[in-house]
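The residues making up each chain are set out below.
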Amino acid sequence: DNSECGDPARPICKMDTGRCVGCVQDVQCQPDERCDASTLTCIQCNTDAECSASGLVCDEATQRCVACTRDEECAMGVCDESTNACVACLETGDCPGTTSCDVSSRTCVECTTNANCTEPGKRACNTADFSCVQCVNDATCPSGERCDTAQNTCVQCLSSADCVGGGTCNQGQC
């Protein structure tokens, strides 16, 4: 009696053994699954061939069709084995040239820290868009200058209060 099988992963009672199992027939599985007769569980695949029509591969450990299980299965980038998804990068070494890996978005970007920005005049990393800019705050400007964060450029002043001797600030100049 199926009512005695309380485990959602094993909701079917196999009458001849009295064991609770995942399935005994394909109709007890989701539409994209079938019942594996040896394990009596619902699976999607045992081999890559069973997933190839959808452009996927078989994760033999979970018997599910996934985008990838290893880097070679990704047309571009690498395989994030924790999610079985092809991504641009998992670490900076996966990115081309001097670009860095933003591990949160798994994309290759110009910079993730100021250390990635080596071009003269662009020594600060704007982490909002991961681009190298002149400044992101006053500390990234030469002494005595201010950072216009809207433009990411170092200027003499942001307001007239920054001008020594009571001058007027006009477009970043005293």
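Reading the values: the criteria
- Residues numbered from 1 in each chain as written.
- Predicted model: local features only at pLDDT ≥ 70, side-chain atom pairs only at ≥ 80, totals over all residues.
- Heavy atoms only, no water.
- Helix = DSSP H or I, 4+ residues; strand = E, 2+ residues; numbered from the N terminus.
- Buried < 20%, exposed > 50% of the residue type's maximum accessible area, 1.4 Å probe, protein only.
- Polar contact = N/O pair within 3.5 Å; in protein donor to acceptor, adjacent residues only side chain to side chain.
- Contact = heavy atoms within 4.5 Å.
- Disulfide = S-S within 2.5 Å.

A.B. asks: What is the right way to look at the side chain of S100 in this model?
C.D. replies: As for its placement among the helices and strands, S100 is situated in strand β9 (residues 100–102). Judged by relative accessible area, S100 falls into the buried class, the value being 2%. A polar atom in the side chain of S100 sits 3.2 Å from the side chain of N116. Once residues within four sequence positions are removed from consideration, S100 is found in contact with T92, C95, T107, C108, V109, E110, C111, T112 and N116.

A.B. asks: Can you help me understand the environment of C111 in this one?
C.D. replies: Relative to the helices and strands, C111 is located in the loop between β10 (107–109) and β11 (124–126). Under the relative-accessibility criterion, C111 is labelled buried at 0%. Note: C-alpha distance between C111 and T98 (13 residues apart in sequence) is 8.7 Å.

A.B. asks: Would you explain the state of the cysteines in this entry?
C.D. replies: Each disulfide consists of one covalent bond between the sulfur atoms belonging to two cysteines. In the structure shown here, the tally under the stated rule is 15 disulfides. The disulfide partner of C23 is C35, and the gap between their sulfur atoms is 2.1 Å. On the sign convention where negative means left-handed, the S-S torsion of about 95° between C23 and C35 marks this disulfide as right-handed. Remark: C35 occurs in strand β3 (residues 34–36) and C23 occurs in the loop between β2 (19–21) and β3; sequence separation between them is twelve residues.

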